[in-house]
Amino acid sequence: MAAWSEILQEAREAVGFTKEVIPRNLEGIRAAVRPDRLTDLEAELAVLSEGSAFEAFLDHWWTQALVDLATDVDAQAVAIDFADLATALRAKSAGGGTFTQAEVEDMLRGKA
């Protein structure tokens, strides 16, 4: 797979695009989209947030944020255990499958 920068360069050359390229992330898009479109953007994002892929994404980064806030290795281990259990319980309560943090990370990396 080509790097994002290579893809952008190839597209620039193909169509002659010379303007600034905004970051391909929610922050960059929100900053660049016209104000009258923000409501539509947020509405679509709200629907997306119900998808299982986005839920796995949120679980992964929520766990990472908890680990990042931990003050030492022991606290990090507890944070991971807590997040694994909380996300498993959330998934179970919604009638879905449960995954460990390692399984979610593998899915996000395309290994599963």
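Keep in mind that what you see is a predicted model, and the values were worked out from it rather than measured.

Concerning the overall build of the chain
Now for step 1: What the chain contains, in helices and strands, is 6 helices and 0 strands.
Now for step 2: Listed by position from the N terminus, the elements making up the chain come as α-α-α-α-α-α.
Now for step 3: Put simply, the chain has 112 residues, and 15% of those count as buried.
Now for step 4: Residue pairs at least 24 apart in sequence account for 27% of intrachain contacts in the chain once pairs closer than 6 positions are excluded.
Now for step 5: Surface exposure of the chain reaches about 8700 Å², of which carbon and sulfur atoms provide 60%.

Examining the confidence of the model for the chain
Now for step 1: When the pLDDT values of the chain are averaged, the result is 75; 73% of them are 70 or greater.
Now for step 2: For the chain, the element scoring lowest by mean pLDDT is helix 6 (residues 101-108), at 64; helix 2 (residues 26-32) scores highest, at 81.

Focus on the environment of A88
Now for step 1: When you line up the elements, A88 lands in helix 5 (residues 73-93).
Now for step 2: For A88, a relative accessible area of 19% corresponds to the buried category.
Now for step 3: Considered as a pair, A88 and D59 are 29 residues apart in the sequence and their alpha carbons are 9.7 Å apart.

Cut-offs and rules
Note on numbering: residues in each chain are counted from 1, in written sequence order. Per-residue local features are limited, in this predicted model, to residues with pLDDT of at least 70; the limit for side-chain atom pairs, both in listing and counting, is 80 or more; totals at the level of whole chains, interfaces and linings are taken over all residues. Side-chain metrics rest on all non-hydrogen atoms present in the structure, leaving aside hydrogens and water. Helix and strand definitions follow DSSP, with helices as H or I runs of at least four residues and strands as E runs of at least two, each counted in order from the N terminus. Burial classification: accessible surface area is computed with a 1.4 Å probe over protein chains only, and a residue below 20% of its type maximum counts as buried, one above 50% as exposed, and the rest as partly exposed. Note on contacts: a residue pair is in contact if any heavy atoms of the two residues lie within 4.5 Å. Method for areas: the Shrake-Rupley scheme with a 1.4 Å probe, in which residue coverage is limited to the protein chains shown. Think of pLDDT as the predictor's per-residue confidence, scored from 0 to 100.

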